[in-house]
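Fold and contact review
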Amino acid sequence: MVHFVGAGPGAPDLITVRGSRLLEKADVVIYAGSLVNPELLELCSGGTEFHDSKELDLPEIIELMAEADAAGKDVVRLHSGEPSLYGAVREQMDELDKKGISYDSCPGVTAAFGAAAQLNMEYTLPGVSQSLIITRMKGRTSVPEYESIESLAAHQCSMAIYLSAGMLPELARKLIIGGRSGDTPVAIIYKATWPDEKRVHTTISRMAEEAAKEGIDRTAVVLVGDAVIGSGYSYSKLYDPTFETEFRKPEV
């Protein structure tokens, strides 16, 4: 059996309880060494076999899984963050399907939520934004034309932009073409929840310059929108004393 497990954004105590238990009983762990906190491997038993996937290609990873499964071993494929977001897990699952190998998935905390927690921010502030777009810039992996930064920016809602810290001048240009003001608040969080985390609070027009000052050009999530500064919003009706819910009658 292969278990795809989300390691979370970085801090070892942000893995889920289920993920932690799967690591504790794993016979084999294939982990993304360039992104996963190595402290998580300490959850494993003394006899666990470890493989760092950063230098492995897809056939090599699948072969490791197949060999372990044939030997009746439990495998954890440990991905950073939440594997369903930019985790390239579907292709691994398709290959396992071809070999008749069973697998399941354990979710993890993605960087956008780790970053929001570090900033004590809420993406969905009433009167500011009620939607969050998670996206990325086009790089070596293409992006559908209808999901361009320009077209998504036009929605004027909160955005968490992954895998784009090395293209900030172009990202800023595309956000502005899409209708965002150059003064729109931005937070750039490098290695959210890690000990060496860096935070840059800036605007779209200044984000490339400010990130360069901190040496940030990778492993960062870019948060865009007025929700970043947490002002100018309306209070939720949920706690309004005049608002009726299933459990609370309004005050007269």
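See the structure shown above.
Now for a description of the structure that goes with this document. (Residues numbered from 1 in each chain as written. Predicted model: local features only at pLDDT ≥ 70, side-chain atom pairs only at ≥ 80, totals over all residues. Heavy atoms only, no water.)

Digging into the overall build of the protein chain
- In terms of regular secondary structure, the protein chain is built from 7 helices and 10 strands.
- The principal-axis extent of the C-alpha atoms belonging to the protein chain is close to 65 × 50 × 35 Å.
- Split into buried and exposed, the 252 residues of the protein chain put 45% on the buried side.
- Looking at the protein chain alone, contacts between residues at least 24 apart form 67% of all its contacts between residues at least 6 apart. (Helix = DSSP H or I, 4+ residues; strand = E, 2+ residues; numbered from the N terminus. Buried < 20%, exposed > 50% of the residue type's maximum accessible area, 1.4 Å probe, protein only. Contact = heavy atoms within 4.5 Å.)

Looking at the layout of surface pockets
- Estimates place the volume of the largest pocket at around 1,400 Å³.
- As for the largest pocket, its lining consists of 43 residues, and the residues nearest its centre are Ser34, Leu35, Ser80, Tyr86 and Leu163.
- Listed by contribution, the elements that provide at least two residues to the lining of the largest pocket are α2 (58-70), β4 (75-79), α3 (89-99), β8 (185-190) and β10 (220-224).
- Its residues assigned to classes, the lining of the largest pocket comprises 20 nonpolar, 15 polar and 8 charged. (1 Å grid on protein atoms, 1.4 Å probe; cavity = no way out; pocket = protein on both sides within 12 Å on 5 of 7 lines; lining within 4 Å. Points joined across faces, edges and corners; volume = space filled by probe spheres on them. Nonpolar A, V, L, I, M, F, W, Y, C, P; charged D, E, K, R; others polar.)

Examining the packing of aromatic side chains
- Counted according to the given criterion, the structure contains 3 aromatic pairs.
- Ring plane angle 90° and centroid distance 6.1 Å describe the contact between Phe4 and Tyr103, whose orientation is recorded as edge-to-face. In this pair, Phe4 is assigned in strand β1 (residues 2-6) and Tyr103 in strand β5 (residues 103-106), connecting sequence segments 99 residues apart.
- Taking 5.9 Å as the distance between ring centres and 10° as the angle between the ring planes, the aromatic pair formed by Tyr233 and Tyr235 counts as stacked.
- Residue Tyr233 is classed as partly exposed on the basis of its relative accessible area, which comes to 35%.
- The class for Tyr235 is exposed, based on a relative accessible area of 70%.
- The ring of Trp194 has Lys191 lying over it, and the distance from NZ or CZ to the ring centre is 4.2 Å.
- Between Lys198 and the ring centre of Tyr190, over which it is positioned, the NZ or CZ distance is 5.9 Å. (Phe/Tyr/Trp six-rings, centres within 6.5 Å; stacked < 30°, edge-to-face > 60°. Lys NZ or Arg CZ within 6 Å of the ring centre and 35° of its normal.)

A few points about the environment of Tyr31
- Of note, Tyr31 is situated in strand β2 (residues 28-31).
- For Tyr31, a relative accessible area of 16% translates into the label buried.
- The spatial distance from the C-alpha of Tyr31 to the C-alpha of Ala7 is 9.3 Å, given a sequence separation of 24 residues.
- If we ignore the near neighbours within four places in the chain, the residues touching Tyr31 are Leu41, Phe50, His51, Asp52, Ser53, Arg77 and Leu78.

Considering unusual backbone geometry
- Phi is positive for Leu163, close to 50°, though the residue is something other than glycine.
- As for its position among the elements, Leu163 is in the loop between β7 (158-162) and α6 (168-177).

So, the packing of α2 against α3
- Interhelical geometry of α2 versus α3 gives an angle of 50° and a closest axis separation of 10 Å. Regarding the angle of α2 to α3, the classification is oblique. Once α2 is placed against α3, the crossing between them reads as right-handed. Of the residues in α3, those in contact with Leu58, Ile61, Ile62, Met65 and Ala66 of α2 are Glu91, Gln92, Glu95, Leu96 and Lys99.
- Looking at the contact of α2 with α3 residue by residue, the classes come out as 6 nonpolar, 1 polar and 3 charged. (Axes fitted to C-alpha atoms, helices over the stretch in contact; angles between N-to-C directions. Parallel < 35°, antiparallel > 145°, perpendicular 65-115°, else oblique. Left-handed = near helix turned anticlockwise from the far one by under 90°.)

Examining the nonpolar core
- Of all hydrophobic cores here, the largest spans 24 residues; its most connected members are Leu171, Leu175, Ile188, Met207 and Val222.
- Elements represented by at least two residues in this core include exactly α5 (149-153), β7, α6, β8, α7 (207-213) and β10.
- Of all the elements, α6 adds the most residues to this core, at 4 residues. (Core = buried A, V, L, I, M, F, W, Y, C linked by side-chain atoms within 4.5 Å.)

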